[in-house]
Amino acid sequence: MEKGQIIEFIKKIELFKELADDELQLVASGLQEKVYEKGELLFRENNPRKELYLIYDGEVELFKKNPYGEENRLSFFSKYDFLAEGSLVDDSPHSTSARALLKTKVFLINRDKFTEIIKTKGEISLKIYSQISRVISRRMRHANIRGSDVGAQYDSGRTRIEHDLLGDRDVPFERYYGVQTLRATENFNISGVTLNFYPDLVNALAIVKMAAAKANHDLGLLSKPITDAIVQSCNEIINGKLHTHFVVDMIQGGAGTSTNMNANEVIANRALAILGYEKGEYKYCHPNNHVNLSQSTNDAYPTSIKLALINSNKKLIDVLKILIKSLRQKADEFSNIIKMGRTQLQDAVPMTLGQSFEAYAVTFEEEVDRLEENVSLFLEVNMGATAIGTGINAPDGYSEKCIHHLKAITGFDIKLALNLVEATQDTGAFVMYSSAVKRLAVKLSKMCNDLRLLSSGPRAGLNEINLPPMQPGSSIMPGKVNPVIPEVVNQIAFKVIGNDFTVTLAAEAGQLELNVFEPVIVQSLFESIEMLKNGMETLVHKCIEGITANKEYCRLLVENSIGLVTALNPVLGYETSTALAKEALENNRGVYDLVLEKKLLSKEELDKILSPENMIKPNKPS
């Protein structure tokens, strides 16, 4: 390649943009051209760094292997990007590997060659090292604020200038988000949990933006090329792409504006690429003027939340049904094991262990109904309300058309709220749904309390069931095994109950025409759903499925229990049963043995009364 072409190329490389023409010529003289075939490695993890790589054509993937040999993709690089700039500083090993995804042409500069160049003209060293420092600082900033995916620290270093109300900012070139998202990542380094932690939420944002674009096109407000580009961009997001660019913290000020703008900017920049323009060329497709057309955060954001919660609720119920099935299988397995029932932690009356597990299954079946009932509240949305419900800046007919497209895209029976002013400020549906999620958590915690009690021991507790041993239970007591799975589910329940209280407080704190605290409501609900899903899956596979019963010990407890007299009361009478109970307590005797000793019943008669099939339903009149 001619030297002039090379100089024009390296002028656009971030590392060299401060160099004068004579300095660029000097750098160009030290470059070596190399072509990598598709699939060929440019460099390998843990090998020494020797060259800086400048990509002239093609595409390069950066990846890292985990301890099990699986590849984790970190980032992609294309023309004008550079890799391994640290090689100009030292010879420490590469921390990642790079592979050509297409046939790729690069220019290399060897560290030794670079050293020769800076000896010739030392000013080059200062300028390039200054740029390297800026690039590393920017990458570290993104890593520290946790405002991007795992590959944030591997941004190429290239930037584009974007501006907003507060001025100009350098936005990482690879990122599809823009300046407002960048500011939000800097302002809201709060929980470390970003929008992309919850794919249903990201997808819902894209669904709402797609429906809005189609409605605007129907009304003649968006041209077909821009509409098609926005729709394609949204479809890509719904299909799982671009999620790593949704980087705003779930907890944020501004009533969700940062979330809305994150979506607007990603969709706009991807649409620009589809249309053949560079990211940031917003005159062709603007985040506000086109993607956010006829909308406000105050209608697009809550509508997205509601759609996301409907989809998340489906997944929660799927896991809940797996738990119910597992409990019912245990109910069948333990249907013939007689045990002592207890009230107020005191002996009550005999029952079967199967009845205990069947009761758990039934109580959780009720929660399926409650969740489905409460989530249906989210089918009512306020699209077209714009800022406060008056519909300012939305054209006549927009709401109806947007709802039509939302129904077509989602398949949900979505309805427009009757009063958009009321719907924009009301968060009652979130309170109702949160209460159903909390109720599920309370029941889960209660069952886990039971499992911990029933498995307590093994010598000094109830010891009626055995939980599968998952890990050693003590750093000082040999042989101890703890009920760690029920314990973690208990803790999940405590968190969910706390999140419900947060939702309640946030809903109450709304003022006038908008509740600005919806972000913490959203974060609380999605965290609760995610923790409950994970907790129930863990409970099923690492606890419920492996529970075994101590059948003989359960029977022994029944036979020795004072509570046995309640089952004998219809046969022996209250006075005789009371006398038996008193004697058993005073002499530390079992009721079963006393009945046989006093010849009140034969062993056959006594065993028949205490047989499992006679313990699980009311007695027939004799």
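Everything that follows concerns the structure shown earlier in this document.
Residues numbered from 1 in each chain as written. Predicted model: local features only at pLDDT ≥ 70, side-chain atom pairs only at ≥ 80, totals over all residues. Heavy atoms only, no water.

Peer 1: I keep staring at the overall build of the chain and nothing clicks. Help me out?
Peer 2: Looking only at helices and strands, one finds 22 helices and 16 strands in the chain. In terms of C-alpha radius of gyration, the chain reaches 33 Å, well past the compact-globule figure of 25 Å for 622 residues. Considered along the principal axes of its C-alpha atoms, the chain spans approximately 115 × 65 × 40 Å. Counting every position in the chain, which comprises 622 residues, the buried fraction comes to 51%. Within the chain, contacts between residues at least 6 apart in sequence are counted, and of these 73% link residues at least 24 apart. (Helix = DSSP H or I, 4+ residues; strand = E, 2+ residues; numbered from the N terminus. Rg over C-alpha atoms; globule rule 2.2 N^0.38 Å. Buried < 20%, exposed > 50% of the residue type's maximum accessible area, 1.4 Å probe, protein only. Contact = heavy atoms within 4.5 Å.)

Peer 1: In this structure, what is going on with the layout of surface pockets? I would like to understand it.
Peer 2: Taking a probe equal in size to a water molecule and rolling it over the atoms shows the remaining empty space. For the largest pocket, the calculated volume is near 770 Å³. The wall of the largest pocket is formed by 25 residues, among which Glu59, Phe76, Glu174, Tyr176 and Lys279 lie closest to the centre. (1 Å grid on protein atoms, 1.4 Å probe; cavity = no way out; pocket = protein on both sides within 12 Å on 5 of 7 lines; lining within 4 Å. Points joined across faces, edges and corners; volume = space filled by probe spheres on them.)

Peer 1: Sorry if this is basic, but what is going on with the side chain of asparagine 550 here?
Peer 2: Position of asparagine 550 relative to the elements: it lies in the loop between strand 16 (548-549) and helix 17 (551-560). One polar contact links asparagine 550 to asparagine 466, side chain to side chain, over a distance of 2.8 Å. Apart from residues lying up to four places away in sequence, asparagine 550 is in contact with Asn463, Glu464, Ile465 and Asn466. (Polar contact = N/O pair within 3.5 Å; in protein donor to acceptor, adjacent residues only side chain to side chain.)

Peer 1: Got a minute to help me understand the pattern of salt bridges in this structure?
Peer 2: Any two side chains of opposite charge can pair, given that their charged atoms come close. Within this structure, the stated rule accounts for 31 salt bridges. Here glutamate 365 and arginine 328 are joined by a salt bridge, their closest N and O atoms 2.6 Å apart. Of this pair, glutamate 365 sits in helix 11 (residues 353-375) while arginine 328 sits in helix 10 (residues 297-333), and the two are 37 residues apart along the sequence. When its relative accessible area of 33% is taken as the criterion, glutamate 365 is described as partly exposed. Glutamate 597 serves as the salt-bridge partner of arginine 589, at 2.6 Å between the closest nitrogen and oxygen. (Salt bridge = Lys/Arg side-chain N within 4 Å of Asp/Glu carboxyl O.)

Peer 1: What is the right way to look at the environment of valine 349 in this model?
Peer 2: The topology assignment puts valine 349 in strand 12 (residues 346-352). Valine 349 gets classed as partly exposed once you look at its relative accessible area, which sits at 37%. Linking valine 349 and aspartate 396, residues 47 residues apart in sequence, is a C-alpha distance of 69 Å.

Peer 1: Would you explain the sheet that holds strand 1 (residues 32-36) in this entry?
Peer 2: What holds strands together in a sheet is hydrogen bonding between their backbones, with the strands either parallel or antiparallel. The antiparallel open sheet is built from 4 strands, whose spatial order is 1-8-3-6. Only two strands of the sheet have a single neighbouring strand rather than two, namely strand 1 and strand 6 (82-83). Where strand 3 (residues 51-57) and strand 8 (residues 104-110) come together, 6 bridges link them in antiparallel fashion. Within strand 8, the position partnered with leucine 54 by the bridge is phenylalanine 107. Running over the sheet, helix 1 (residues 3-11) touches strand 3 and strand 8 and is turned about 105 degrees from strand 3. (Pairing = 2+ DSSP bridges. Axes fitted to C-alpha atoms, helices over the stretch in contact; angles between N-to-C directions.)

Peer 1: What should I look at first to understand the sheet that holds strand 4 (residues 60-65) in this one?
Peer 2: Pairing is antiparallel in the open sheet, where 4 strands are placed in the order 2-7-4-5. Lying at the two open borders of the sheet, with one neighbouring strand each, are strand 2 (41-43) and strand 5 (71-77). On average, each strand axis in the sheet is tilted by 30 degrees relative to the strand beside it, whichever way the strands run.

Peer 1: When you look at the pairing of strand 11 (residues 338-343) in this model, what are you seeing that I'm missing?
Peer 2: Sheet faces and side chains relate simply in a regular strand, where the side chains alternate between the two faces. For strand 11 and strand 12, the ladder comprises 5 bridges, and the chain directions are antiparallel. Residue lysine 339 lies in a different strand from strand 12, and its bridge partner there is methionine 351.

Peer 1: What should I look at first to understand the nonpolar core in this one?
Peer 2: Membership of the largest hydrophobic core comes to 112 residues, with the highest contact counts inside it found for Ile230, Leu323, Phe364, Leu406 and Leu539. Among residues more than four places away in sequence, those in contact with leucine 323 are Phe364, Leu444, Met536, Leu539, Val540 and Ile544. The next biggest cluster of nonpolar side chains, apart from the first, holds 21 residues, and it includes Ile6, Leu19, Leu31 and Ile117. (Core = buried A, V, L, I, M, F, W, Y, C linked by side-chain atoms within 4.5 Å.)

Peer 1: Would you explain unusual backbone geometry in this entry?
Peer 2: Of all residues except glycine, most have a negative phi; of all peptide bonds, most are trans. With omega at 5 degrees, the peptide bond leading from glycine 457 into proline 458 counts as cis. Within the fold, proline 458 resides in the loop between helix 14 (428-454) and strand 15 (465-466). At leucine 242, a position not held by glycine, the phi torsion is positive, near 70 degrees. Take leucine 242: it is sitting in the loop between helix 7 (224-238) and helix 8 (257-275). Backbone geometry places asparagine 393, a non-glycine residue, at a positive phi of 75 degrees. In this fold, asparagine 393 is placed in the loop between strand 13 (380-381) and helix 12 (398-410).

Peer 1: Teacher, can you tell me more about the environment of glutamate 59 here?
Peer 2: Among the structural elements, glutamate 59 can be located in the loop between strand 3 and strand 4. Judged by its relative accessible area of 31%, glutamate 59 is partly exposed. Put simply, glutamate 59 and glutamine 355 are 296 residues apart on the chain and 62 Å apart in space, counted from C-alpha to C-alpha. Excluding anything up to four places from it in sequence, glutamate 59 contacts Phe77, Arg99, Ala100, Leu101, Leu102 and Thr104.

Keep in mind these values describe shape, not function.
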